[in-house]
Amino acid sequence: MTSRYPHVFSPLKVGTTTIKNRILMGSMHTGLEDVPNAAERLSAYFVERAKGGVGMIITGGIGPHPTAGNGAKLVDADDVAMHRQVTDAVHEAADDVKIVMQILHTGPLAGTPDCVAPSPVKSRIGRYQPNELTEEGIEEQIAAFARCAALAKEAGYDGVEIIGSAGYLISTFLVSKTNQRTDRWGGEWANRMRFPVEIVRRVREAVGKDFILVFRISAMDMLQEGLAWDEVVSLAKALEAEGVDVISTHFCWHESFVPTIATMVPRAAFAQVTGRLRKQLSIPVITSNRINMPSVAEEVLARGDADIVSMARPMLADPDLVNKAAEGREDEINTCIGCNQACLDHTFTGRLTTCLVNPRACRETELTIAPAAAKRKIAVVGAGPAGLAYAVTAAERGHAVTLFDAAEEIGGQFNYAKRIPGKEEFYETLRYYGRMLDKLGVDVRLGTRADVDTIKAGGFDHVVVATGIAPRTPPIPGIDHAKVISYIDVITGKAEVGQKVAIIGAGGIGFDVAELITHAGKSSALDVDVFAKEWGIDFKNHPRGGVTGVTPEVATSGREVTLLQRKETPVGQGLGRTTGWTHRITLQRRGVKMVSGADYVKIDDAGLHAVVGGDPVLFEADTVIVCAGQDPLRTLHDQLEAAGISSELVGGAFESAELDAKRAIKQATECAAAA
Ligand code: FAD
Ligand code: NAP
Ligand code: SF4
């Protein structure tokens, strides 16, 4: 049954124990650690993933010292009980799954005035300048790591992972930019690596031999002043010598301007670096980053690039991913699309983590999909994300569902999104929904524009209107000029786009359209070499940090594009917190001009006339593309009301302001869970 993934499903000796397969759930700080009923909610969250077949789970980061950061800590015996509840729940649910606690000291990123670091160097993204640790302070921190690991053992964990990457405390000792000390903890490389090596030595002493010890290292930190390859190797070897059981490779420094996990990053792009490090060590190594399907994990393992594959966000998207792979049901996997919209964007804005494609993630105790008490015949009109989520959830609960869409394919606007270079993963969501509709026996009527008669003829007990949106047409004089086209015509290729283009509206769709019309060549998301070139990564020579430091070359269609909005705020400010910058940089490198505070006057043969900062400006354009937001499409709903048939509105049809797929899927799932 597991023959399709022989490498994934082969056990592996780790330290003095064995893990049953090579899939690891990577560490994610979800925010559940900090809620009042943390133990109950964390247990439910981890138990679902443990039952889902993963070999090893790494928890979100837990602080070893009061200065470690804002999140949960394990600093004394009083903290043990909460963790014990979680480890007991996981081991009871699946006694062959290992649960390993990550020890995280965020150092200069701790977000408190008492944050600490080797030197008082403020991070670009940190709130405070850190306090320089004294020699005694360093000793106190090392002791705290050792005590935290011992407490984790007492709390029933199978091991600990120490994170020594990403710009957190340990990594700031390694890099000379952040470690400017002149004592035995700074200066030459042997001194800079002393802190992690000493931590590992003391942790191993504290926990004994039969306890998994993972160390997460920055194999490529994407900083020009970052680690050189020989430093990475020598650190890994030193850690191995001090008793680390597994080296986990990380490709990240939060300050860096290179995307490493966004959807535009090719799948498994960084695994080759892990492969090189693996050759230098005799302990297992873990690779990570954009490995979202079992087939990708299998390829990485078969190539010898890693011993274990870490999947973090894919476990939010589908807790059963591993079981589905084992049972040959990979077409039922709800694939992580790398959007970051509900996970990292939430984490970095202080909201509880969840998942765009799986709104149950981290809400396992709140959003339950139970069999319906009374089975009903339900019509869902519209097979966009909202209609799909509703139909699948209602069918899972046992309702008889008929799903209508006027189009010939399911997906609604996701059929536009998937055509944007860098958003190819959206195909996976449509594959998932298509398979689930089939499996659950939903009666799918494509090419069918439902009206009142259709609904009446079906004899439904309940009607759900998920008809989405209509693109907004702003009342600008000349909006009916032949050169004005809608984003839909651009994306579907129905309209020609000229050489000089003005885009009205700089929201998510304005950015996507600008990406599409300035794009040239292969999508970087599908080709590691193109991606590396676009972001200045040198996999072959591995300069410091893995980056060249030279402004990367970017291919462009050569179109002259201006992206405009009426707001005075910087263009693109409303895009996702953790991905918006990648889109802004990409378009800037392709020469796209971004204009805020535009007051549109008219469109004529010359182009788009506007007033900007009090001055009249002509944006010469052969084509003006309208991406000015959307209005709800409720025609059917209103007609049904008039005919005395009540219906439930979901997705864009319910509310189009600030609508995205995250909200559409969440709202529809919640409605269907209660239907
Ligand atoms: P829709 O997706 O609009 O679906 C409505 C469906 O109803 C359509 O298939 C339509 O054919 C059907 N319909 C309408 N009337 C009838 C009728 N009478 N009978 C039968 N069928 C009918 N969101 C994100 O979160 N992240 C992104 O990265 C992202 N990227 C995007 C990129 C682009 C280019 C576009 C256009 C959108 C993007 N979105 C993104 C937005 C996201 O796709 C929408 O928020 C989401 O699709 C809304 O879902 P919905 O189900 O409410 O409506
Ligand atoms: P949007 O993000 O709300 O942006 C609409 C744009 O149109 C804004 O720039 C707005 O800015 C402008 N606008 C609004 N009313 C206007 C009017 N009357 N005249 C002229 N301009 C007007 O919506 P969207 O771009 O249509 O995207 C729809 C949804 O899909 C959004 O919620 C978005 O989050 C989601 N989406 C997300 C992504 C992603 O990568 N996460 C990508 C694509 C789409 P001004 O009002 O300042 O002019
Ligand atoms: Fe993946 Fe997006 Fe879900 Fe995050 S929100 S886990 S990136 S699909």
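Residues numbered from 1 in each chain as written. Chains lettered and ligands numbered in written order. Predicted model: local features only at pLDDT ≥ 70, side-chain atom pairs only at ≥ 80, totals over all residues. Heavy atoms only, no water.

A few points about the site of ligand 1
Link 1 in the chain: Near ligand 1 lie 35 residues; those nearest to it are Gln341, Asp405, Lys423, Gly652 and Ala661.
Link 2 in the chain: Contact distances for ligand 1 include 3.0 Å between a nitrogen atom and a backbone N or O atom of Ala406.
Link 3 in the chain: Looking at the shell around ligand 1, the elements that each hand over two or more residues are helix H13 (385-396), strand E14 (400-405), helix H14 (414-417), helix H17 (487-491), helix H18 (508-518) and helix H22 (661-674).
Link 4 in the chain: Split by residue class, the shell around ligand 1 holds 19 nonpolar, ten polar and six charged. (Near = heavy atom within 4 Å. Polar contact = N/O pair within 3.5 Å; in protein donor to acceptor, adjacent residues only side chain to side chain. Helix = DSSP H or I, 4+ residues; strand = E, 2+ residues; numbered from the N terminus. Nonpolar A, V, L, I, M, F, W, Y, C, P; charged D, E, K, R; others polar.)

Quick notes on the domain arrangement of the chain
Link 1 in the chain: When the domains of the chain are assigned, the result is domain 1 (2-347), domain 2 (377-471 + 632-674) and domain 3 (484-520 + 556-628).
Link 2 in the chain: In this structure, domain 1 and domain 2 have C-alpha centres spaced 39 Å apart.
Link 3 in the chain: In this complex, domain 1 contributes 18 residues to the contact, which on the side of domain 2 involves twelve residues.
Link 4 in the chain: Between domain 1 and domain 2, roughly 1300 Å² of surface is buried when both sides are summed, and carbon and sulfur atoms account for 47% of that area.
Link 5 in the chain: By the criterion of area lost to domain 2, the three top residues of domain 1 are Asp331, Glu332 and Ile337, representing 41% of everything that side buries.
Link 6 in the chain: Applying the counting criterion to the domain 1 and domain 2 interface returns six salt bridges.
Link 7 in the chain: Residue Glu425 is joined to Arg267 by a salt bridge in which the shortest nitrogen-to-oxygen separation is 2.8 Å.
Link 8 in the chain: Counting every contact that joins domain 1 to domain 2 gives eleven residue pairs in polar contact (both at pLDDT 80 or more).
Link 9 in the chain: Its residues assigned to classes, the side of domain 1 that touches domain 2 comprises six nonpolar, six polar and six charged. (Domains from an automatic or database assignment. Contact = heavy atoms within 4.5 Å. Buried area = accessible area lost by both parts, 1.4 Å probe. Salt bridge = Lys/Arg side-chain N within 4 Å of Asp/Glu carboxyl O.)

Brief notes about the nonpolar core
Link 1 in the chain: Within the largest apolar cluster, 155 residues are counted, with the highest numbers of intra-cluster contacts made by Ile247, Phe270 and Tyr390.
Link 2 in the chain: Of the residues that make up this core, three or more belong to each of domain 1 (2-347) and domain 2 (377-471 + 632-674).
Link 3 in the chain: The contact partners of Ile247, leaving out residues within four places of it in the chain, are Phe215, Ile217, Ala236, Leu239, Leu277, Leu281, Ile283, Pro284, Val285 and Ile286. (Core = buried A, V, L, I, M, F, W, Y, C linked by side-chain atoms within 4.5 Å. Buried < 20%, exposed > 50% of the residue type's maximum accessible area, 1.4 Å probe, protein only.)

Let's talk about the sheet that holds strand E22 (residues 598-604)
Link 1 in the chain: If you walk across this open sheet you meet the three strands as E22-E23-E24, and the pairing is antiparallel. At either end of the open sheet lies a strand with only one pairing partner, and these are E22 and strand E24 (615-620). In this sheet, adjacent strand axes meet at a mean angle of 25° when their direction is disregarded.
Link 2 in the chain: For E22 and strand E23 (residues 607-612), the ladder comprises six bridges, and the chain directions are antiparallel. Within the sheet, the bridge partner assigned to Ala598 lies in E23 and is Val612. (Pairing = 2+ DSSP bridges. Axes fitted to C-alpha atoms, helices over the stretch in contact; angles between N-to-C directions.)

Considerations on H22
Link 1 in the chain: Helix length check: H22, at 14 residues, gives a terminal C-alpha distance of 20 Å against a target of 20 Å (1.5 Å per residue), a fit within 8%.
Link 2 in the chain: Most of H22 sits out of view: ten of its 14 residues are buried.
Link 3 in the chain: Among the residues making up H22, those that are buried are Ala661, Lys662, Ala664, Ile665, Gln667, Ala668, Thr669, Cys671, Ala672 and Ala673.
Link 4 in the chain: In this structure, the buried side of H22 is in contact with helix H12 (344-347), H13, H14, helix H15 (426-439) and strand E27 (648-649). (Expected span 1.5 Å × (residues − 1).)

A word on the sheet that holds strand E3 (residues 23-25)
Link 1 in the chain: Taken in spatial order, the eight strands line up as E3-E4-E5-E8-E9-E10-E11-E12 and close into a barrel, and their pairing is parallel. Adjacent strand axes in the sheet meet at a mean angle of 30° when their direction is disregarded.
Link 2 in the chain: Pairing of strand E8 (residues 159-164) with strand E9 (residues 212-218), which is carried by six bridges, proceeds in the parallel orientation. Bridging from a neighbouring strand, Val160 pairs with Leu213 of E9.
Link 3 in the chain: Sheet contacts for helix H7 (residues 229-241): E9 and strand E10 (246-250); angle to E9, the most-contacted strand, approximately 170°.
Link 4 in the chain: Those strands touched by helix H9 (residues 294-302) are E3, strand E11 (285-287) and strand E12 (308-311), and its axis lies near 150° from that of E12.

Topic: the packing of aromatic side chains
Link 1 in the chain: Throughout the structure, instances matching the rule amount to eleven aromatic pairs.
Link 2 in the chain: Each member of the aromatic cluster is reached from another via a ring pair, and the members are Phe251, Phe270, Phe531 and Phe539.
Link 3 in the chain: Stacked on the ring of Trp229, the Lys or Arg Arg276 has its end atom at 5.0 Å from the ring centre.
Link 4 in the chain: The side chain of Lys377 reaches across the aromatic face of Phe460, ending 5.3 Å from its centre. (Phe/Tyr/Trp six-rings, centres within 6.5 Å; stacked < 30°, edge-to-face > 60°. Lys NZ or Arg CZ within 6 Å of the ring centre and 35° of its normal.)

Brief notes about the packing of H13 against H22
Link 1 in the chain: Here H13 crosses H22 at 30°, and the two axes come no closer than 8 Å. In terms of their interaxial angle, H13 and H22 are classed as roughly parallel. Where H13 crosses over H22, the two elements pack in a sense that is right-handed. On H22, the residues touching Pro385, Ala386, Ala389, Tyr390, Thr393 and Ala394 of H13 are Ala661, Ala664, Ile665, Ala668, Thr669, Cys671, Ala672 and Ala673. (Parallel < 35°, antiparallel > 145°, perpendicular 65-115°, else oblique. Left-handed = near helix turned anticlockwise from the far one by under 90°.)

With respect to the environment of Ala236
Link 1 in the chain: Locating Ala236 in the fold gives a position in helix H7.
Link 2 in the chain: Each C-alpha atom of the pair Ala236 and Arg278 lies 9.8 Å from the other, and the pair is 42 residues apart in sequence.
Link 3 in the chain: The residues touching Ala236, leaving out its near neighbours within four places in the chain, are Ile217, Ile247, Leu277 and Leu281.

Quick word on the side chain of Asp307
Link 1 in the chain: The residue Asp307 is located in the loop between H9 and E12 in this model.
Link 2 in the chain: Owing to a relative accessible area of 10%, Asp307 belongs among the buried residues under this scheme.
Link 3 in the chain: Within the structure, the side chain of Asp307 is placed 3.0 Å from the side chain of Arg278, a separation counted as a polar contact.

Concerning the pairing of strand E20 (residues 560-564)
Link 1 in the chain: Burial of E20 is extensive: four of the five residues sit out of reach of the surface.
Link 2 in the chain: Direction of pairing for strand E19 (residues 500-504) relative to E20: parallel, over a ladder of five bridges. What sits directly across from Ala502, in E20, is Thr562.
Link 3 in the chain: As judged from the three bridges shared by E20 and strand E21 (residues 593-595), these two strands associate in the parallel manner. Bridge pairing in E21 places Leu563 opposite Met594.
Link 4 in the chain: Between the parallel elements E20 and E21, the chain passes through helix H20 (residues 580-589) in a crossover that is right-handed. (Right-handed = clockwise from strand over helix to strand, strands pointing away.)

Here we look at the packing of H18 against H20
Link 1 in the chain: Taken N-terminus to C-terminus, the directions of H18 and H20 make an angle of 40°; their axes are 10 Å apart at the nearest point. When the interaxial angle is binned, H18 and H20 end up oblique. Helix-helix and strand crossings are classified by hand; for H18 and H20 the assignment is left-handed. Residue-level contacts link Phe511, Ala514, Glu515 and Thr518 of H18 to His583, Arg584, Thr586 and Leu587 of H20.
Link 2 in the chain: When grouped by side-chain class, the residues that make up the contact of H18 with H20 number three nonpolar, three polar and two charged.

What to know about helix H6 (residues 194-207)
Link 1 in the chain: When the terminal C-alpha atoms of H6 are compared, their 20 Å separation across 14 residues agrees well with the 20 Å that a helix rising 1.5 Å per residue should span.
Link 2 in the chain: Counting buried residues in H6 gives ten out of 14 residues, a clear majority hidden from the surface.
Link 3 in the chain: The set of residues buried in H6 consists of Phe195, Pro196, Val197, Glu198, Ile199, Val200, Arg202, Val203, Arg204 and Val207.
Link 4 in the chain: Elements in contact with the buried residues of H6: helix H3 (135-154), E8, helix H4 (169-174), helix H5 (189-192), E9 and H7.
Link 5 in the chain: Directly beyond the C-terminal end of H6, a positive phi value near 80° is found at Gly208.

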